[in-house]
Each structure stands twice: as structure tokens, then as C-alpha cells.
Amino acid sequence: MQSSPQMSISAKKRRVIFALYSGLFIVLSPIFLAYTAGIRWTPALGFVKTGTFYVASTPSGAKISVNGKNTGEKTPSVLKHILPGTYDIALEKDNAITWSKKLPIRSGETTFVNDAYLFKKDAPELVVQAKIDEVAFGDDTVAWTTVQSGWREVWLSEISNPRKILVYRSAAKSRLGLRFKDRILIVGEGEADGILSFNSNGTPASYKPILVFVNRKNRTDVYGSDETNKAPALSLPSGNWNEADERNDIVIATDKRRVRLAVIDSRQKTILLQTAASLFDFANDDILLFASDTELSMFNIPQNKVSLIERFSSPPTRIQIHQTGNLILLESDGVITAIETDERDGKRKTELVSGFSVIGFSIGDSGRTLYIAGSYGTDEGIFVKPLY
């Protein structure tokens with residue numbers, strides 16, 4: 001009977017302890033939940049919800065640093081619970097040019113880094129030795145002209161398995177134009193576009209342009225290739241117009257005399273765009289990049305919308321847009337520069353090649369390789385440089 005007071009005291013203690021733990025749980029639970037939800041307190045901001053960085057790169061596996069401190073993470077990675085503010089993000093990988101940008105974190109939001117390119121430092125390698133006057137690149141195929149013994153010759157070669165094939169000769173003073181349609185090389189001479197066409201192995205190919213341009217005194221009439229005996233489908237201002245490229249039903253016509261470009265829907269027989277332009281390149285079937293002397297622009301064909309990309313004081317000599325659509329390569333004075341289209345902290349520019357005498361360049365089908373025609377030091381011909 002003497003044990004009941006002790007049991008009574010133990011029960012009280014248990015109730016006190018339970019009450020204390022319950023109180024702590026009630027007080028700390030919201031704090032714990034707020035912390036796990038990314039809520040932090042700072043003297044400057046008070047209670048604020050943090051943000052997140054999602055960081056990916058091409059290629060992956062790059063070390064991620066924030067404000068100069070290595071996070072221990074590699075791309076792709078998610079960096080959580082970052083206080084709102086602006087941060088220096090740097091990505092590093094062996095034998096690659098370091099990528100860096102100042103990017104914001106906003107409360108409760110995720111900042112995405114999706115289009116970071118870590119370009120390799122490798123120097124270009126000569127793969128086809130040749131003296132080149134004009135060049136055109138196809139899928140793993142390159143064609144070029146050169147003058148030898150009074151003849152202007154057209155040569156073909158695969159890039160991955162170099163083997164030069166002579167496909168055409170004309171007088172040394174003749175003007176030739178080279179371009180690829182899929183894997184067919186089209187050779188134009190003088191004012192007549194597409195007089196000859198060849199397969200990638202050098203054998204004759206069958207090719208017929210979608211549109212025919214007849215340059216008259218006051219206008220240029222445009223016909224379907226099988227409709228030259230009918231009324232013209234449409235007309236362009238007088239000039240020296242020729243078909244320069246095509247994608248499905250979209251035809252690009254250029255007037256080299258007046259440095260103009262027209263985008264034509266051959267099915268609807270309508271002119272979608274007519275503008276001053278000296279250079280152009282397709283990103284895909286829907287996006288066309290073009291450049292005038294002062295501006296670089298992008299034309300969204302389905303939306304019929306032109307967007308300004310870049311203004312420059314001196315125009316580039318050559319342009320090409322990467323297959324992803326978010327990377328543009330420009331060449332000027334022997335320097336090839338990559339421009340990332342992400343405008344945050346300004347468009348990032350990376351010098352890829354310098355000291356070249358460039359005749360032409362092209363991004364390989366995989367998007368990972370840069371082909372350059374020209375001369376570098378004492379070497380002359382076709383060069384290959386891995387991009388990333």
C-alpha cells in the first residue's frame with residue numbers, strides 16, 4: 001500500500017513529459033515543415049521561400065560552381081534551397097572552355113540552365129588536303145571547286161572517309177554555284193541554276209527545281225517547274241533571282257545583285273517574306289536565320305514572324321544555326337564565334353577558331369562537329385574540329 005504515492009508521482013512525471021514533448025512538437029513542427037519546404041530567415045529578407053537551380057550542360061558531367069565555390073555536383077543536377085538573389089554559375093570540364101553566367105533565383109521558383117555548351121579546346125585537324133575556291137557541305141559530304149590547268153573543277157569527298165572524286169569540269173573563267181539538296185550535289189553555272197546534279201558517290205543524279213525564275217526587264221516571273229507554259233504563279237521585283245534552297249514546299253530565292261532574299265510558299269504560291277539579306281541558313285523546316293549588313297534575324301515560317309537576334313557594326317561573312325536552334329555560329333575575319341541565344345546576362349559568345357582563312361564552314365549532322373574549308377597556317381583544305 002506504500003507504493004501508491006510513488007506510482008502517483010511517476011504518473012505526474014509522465015504527464016509533464018508528455019505535455020512538454022507535445023508542446024515542443026506543436027512549436028517545432030511548423031518550423032520543420034517550413035524548413036523542408038524551403039523557407040529560410042535572413043536579417044535582410046526576413047522569412048523567405050528559397051528557389052532552385054536546375055543545371056544541365058552539353059556535354060553532361062561538368063562540375064558546378066556557385067559564386068566560385070564547387071558544389072560537388074555535376075550536370076545534370078538540381079541545386080535546392082537557394083536564397084533569392086543573383087549568382088555566378090560556372091561549369092567546368094576537362095579540355096573544355098569554362099561556361100559561366102550570372103543568373104537570378106526568385107522566391108519559390110526554379111531557374112533553368114538548359115543550353116550551356118562546353119566547347120572543346122581541340123585545334124582543327126586537316127582531313128582533306130585541297131586548294132579550294134568555293135565549297136558546299138552536305139551530310140558527311142563536301143564539294144568544292146578549284147582551278148587547275150585552265151579548268152575549273154568540281155570535286156566531291158566524304159568527310160569521315162576522305163576520297164576525292166572529280167565530277168565536273170568547265171572553263172576556268174566560268175562561274176559555278178554549289179549546293180546540296182539532301183545528298184544530291186547541285187551545280188549551277190552562270191545564270192542557270194541546277195544545270196547538273198550528282199549523287200554523293202559522283203554518279204549523275206536526277207534533280208528538278210521546284211520553281212523557275214525568269215528575270216525580265218521590270219520584274220521577275222516565277223513559275224512552277226512544270227508550268228513554264230502557263231501564266232506565272234507570282235512575280236518578284238526586277239533582279240537576278242535564283243532558287244537558293246528549299247525545304248518541303250518552302251523555297252528560298254536570292255537576288256545576289258541587289259542582296260535580297262525571298263521566302264516563297266510554292267504550294268500556296270505566296271511570298272511569305274522579302275527582305276534585304278546577304279546570308280541565310282535553315283535551323284529546321286520551320287525556322288530560317290538570315291543576316292543583313294547590320295542585323296541578324298530569325299523568321300518563324302508557320303507564324304510568319306521575324307525576331308531580331310543581334311545587331312552588329314560589321315557584318316559576318318558566314319552564318320549557320322545549330323540543329324537545336326539555340327546556338328548560332330558566325331564567321332568574320334577568320335574568327336568563328338558561337339553565340340548562345342539565351343538572353344539572360346546577355347547572349348554568351350565563345351570564340352571557337354581564329355587565324356583561319358575561311359572559305360566556308362558547316363556544323364555536322366550530329367551537331368557535335370564543325371567542318372571548316374580554307375587555310376590555316378601552311379595547311380589548306382577541309383578541317384574537322386569537335387565542338388563538344
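Whatever comes next refers back to the structure up there.
1. Observations regarding the pattern of salt bridges
Thinking step 1. A complete count under the given rule lists 18 salt bridges for this structure.
Thinking step 2. Glu246 serves as the salt-bridge partner of Lys181, at 3.8 Å between the closest nitrogen and oxygen. You can see Lys181 sitting in strand β15 (residues 176-181) and its partner Glu246 sitting in strand β21 (residues 241-247), a full 65 residues away along the chain. One exposure class covers both Lys181 and Glu246, and it is buried.
Thinking step 3. In this structure, the salt-bridge partner of Glu331 is Arg318, at a minimum N-O distance of 2.6 Å. In this pair, Glu331 is assigned in strand β30 (residues 327-332) and Arg318 in strand β29 (residues 318-321), connecting sequence segments 13 residues apart.
Thinking step 4. Residues joined by salt bridges that share partners form a network here, namely Lys101, Asp342 and Arg344.

2. Things to note about the sheet that holds strand β20 (residues 234-237)
Thinking step 1. Pairing is antiparallel across the open sheet formed by three strands, whose spatial order is β18-β19-β20. Each of the sheet's edge strands pairs with one partner strand only, and the pair in question is β18 (211-215) and β20. Across the sheet, the mean angle separating the axes of adjacent strands is 30 degrees when strand polarity is ignored.

3. Brief notes about the layout of surface pockets
Thinking step 1. There is about 190 Å³ of room inside the second largest pocket.
Thinking step 2. Forming the walls of the second largest pocket are Glu310, Arg311, Phe312, Ser314, Pro316, Leu330, Glu331, Ser332, Val335, Thr337, Ile339 and Lys349.
Thinking step 3. Residues of the lining of the second largest pocket, tallied by class, amount to five nonpolar, three polar and four charged.

Definitions and cut-offs
Residues numbered from 1 in each chain as written. Predicted model: local features only at pLDDT ≥ 70, side-chain atom pairs only at ≥ 80, totals over all residues. Heavy atoms only, no water. Salt bridge = Lys/Arg side-chain N within 4 Å of Asp/Glu carboxyl O. Helix = DSSP H or I, 4+ residues; strand = E, 2+ residues; numbered from the N terminus. Buried < 20%, exposed > 50% of the residue type's maximum accessible area, 1.4 Å probe, protein only. Pairing = 2+ DSSP bridges. Axes fitted to C-alpha atoms, helices over the stretch in contact; angles between N-to-C directions. 1 Å grid on protein atoms, 1.4 Å probe; cavity = no way out; pocket = protein on both sides within 12 Å on 5 of 7 lines; lining within 4 Å. Points joined across faces, edges and corners; volume = space filled by probe spheres on them. Nonpolar A, V, L, I, M, F, W, Y, C, P; charged D, E, K, R; others polar.

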